[in-house]
Amino acid sequence: MTPKQKIKQIILLVFGLSVAHLGVTFFIQANLGTDPFNVLVQGIFRSVPWPAALNWTHGRTHMMICFLIIMVLLFIDRSYIRIGTIICMFLGGPIIDLFTVLLGDCINSSLPIAVRIIVLVAGCIILALGMTIVIKSEAGTGPNDLVAIVISDKSHKPFGIVRILTDCFFVIAGFLLGGTFGLGTIICAFIVGPVAQIFMPYSQRFCKKIIRN
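Keep in mind it's a predicted model, so treat the numbers as computed, not measured. (Residues numbered from 1 in each chain as written. Predicted model: local features only at pLDDT ≥ 70, side-chain atom pairs only at ≥ 80, totals over all residues. Heavy atoms only, no water.)

## As for the nonpolar core
Counting 16 residues, the largest nonpolar core has Phe37, Leu40, Ile65, Ile69 and Leu73 as the members making the most contacts within it. Counting only elements with at least two residues in this core, the list comes to α2 (36-47), α3 (58-76), α6 (143-155) and α7 (159-176). The dominant element in this core, judged by the number of residues it contributes, is α3, at 5 residues. In this structure, Ala20, Ile96, Cys188 and Val192 belong to the second largest nonpolar core, which totals 15 residues. (Core = buried A, V, L, I, M, F, W, Y, C linked by side-chain atoms within 4.5 Å. Buried < 20%, exposed > 50% of the residue type's maximum accessible area, 1.4 Å probe, protein only. Helix = DSSP H or I, 4+ residues; strand = E, 2+ residues; numbered from the N terminus.)

This is how it looks when you write it as structure tokens:
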């Protein structure tokens with residue numbers, strides 16, 4: 001692969017990451033429960049007494065946890081860490097913070113419940129689209145997604161089962177720490193996977209076209 005094609009891969013990854021985290025922001029702002037990993041992020045963000053001077057945010061907490069995951073992977077098996085993994089770590093949280101600032105006044109828990117559910121479903125669809133672009137960019141996988149991948153590989157257990165178990169851990173730990181587990185978390189579990197499966201071939205063709213041109 002040429003340097004130009006590698007740069008295009010990274011651009012696609014950043015684009016897909018931005019789209020995916022727009023969907024995550026929809027979840028968070030609807031305040032009906034978010035995807036499993038962000039339930040954990042939300043719980044840690046809410047439960048830790050961050051110094052006021054730090055002006056700490058959900059996005060910074062997201063970045064911190066991703067950084068810790070990468071640190072652990074450096075000792076377990078650094079071959080899983082690629083350039084896209086590092087980019088996801090540094091940009092994922094700030095992208096959420098940016099969209100929160102931009103959308104916070106118009107998308108929040110003050111909206112009628114019916115509108116918040118629509119926002120939540122839209123967030124699922126947007127997340128699924130962004131996720132498939134990130135995957136098909138083939139530049140690397142986000143740290144939170146690597147948790148299930150590494151455990152599955154090292155334990156020789158089916159990825160599907162391991163992913164369910166890791167998601168359950170994220171949800172339970174996050175909920176106990178104060179994260180919001182609700183309708184959104186359940187809807188996310190049933191919508192994101194199937195919708196991502198629909199988007200996958202289209203995202204693959206889109207990414208291949210961009211990289212090859």
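## As for a nonpolar patch on the surface
There is a patch of nonpolar side chains on the surface, built from Ile172, Phe175, Leu176, Phe181, Ile186 and Phe190 and spanning about 690 Å² of accessible area. Contributions of two or more residues to the nonpolar patch are made by α7 and α8 (183-212). Tracing the backbone through its elements, the reader meets phenylalanine 175 in helix α7. Of the residues examined, phenylalanine 175 reaches a relative accessible area of 48% and is grouped as partly exposed. (Patch = residues over 30% accessible without salt bridge, like charges linked within 9 Å, V, L, I, M, F, W, Y side chains within 5 Å. Areas by Shrake-Rupley, 256 points an atom, 1.4 Å probe, with all protein chains shown as cover. Salt bridge = Lys/Arg side-chain N within 4 Å of Asp/Glu carboxyl O.)

## Observations concerning the side chain of arginine 116
Among the structural elements, arginine 116 can be located in helix α5 (residues 113-137). Buried and unpaired, arginine 116 has aspartate 105 as its nearest opposite-charge partner, separated by 15 Å. Leaving out residues up to four positions away in the same chain, arginine 116 has contacts with Ala30, Asn31, Leu32, Asn108, Ser109 and Leu111. (Lys, Arg positive; Asp, Glu negative; His and termini not counted. Contact = heavy atoms within 4.5 Å.)

## A short note on the packing of aromatic side chains
Applying the stated criterion to the full structure yields 4 aromatic pairs. Where phenylalanine 37 meets phenylalanine 170, the ring centres are 5.3 Å apart and the plane angle is 75°; that geometry is what we call edge-to-face. Remark: phenylalanine 170 occurs in helix α7 and phenylalanine 37 occurs in helix α2; sequence separation between them is 133 residues. When sorted by exposure, phenylalanine 37 lands in the same class as phenylalanine 170, which is buried. An angle of 20° between the planes, with centres 4.7 Å apart, marks the rings of tryptophan 50 and tryptophan 56 as stacked. What makes tryptophan 50 partly exposed here is its relative accessible area of 23%. Here tryptophan 56 falls in the partly exposed class, since its relative accessible area comes to 25%. An aromatic cluster is present here, built from Phe37, Phe169 and Phe170 joined pairwise through their rings. (Phe/Tyr/Trp six-rings, centres within 6.5 Å; stacked < 30°, edge-to-face > 60°.)

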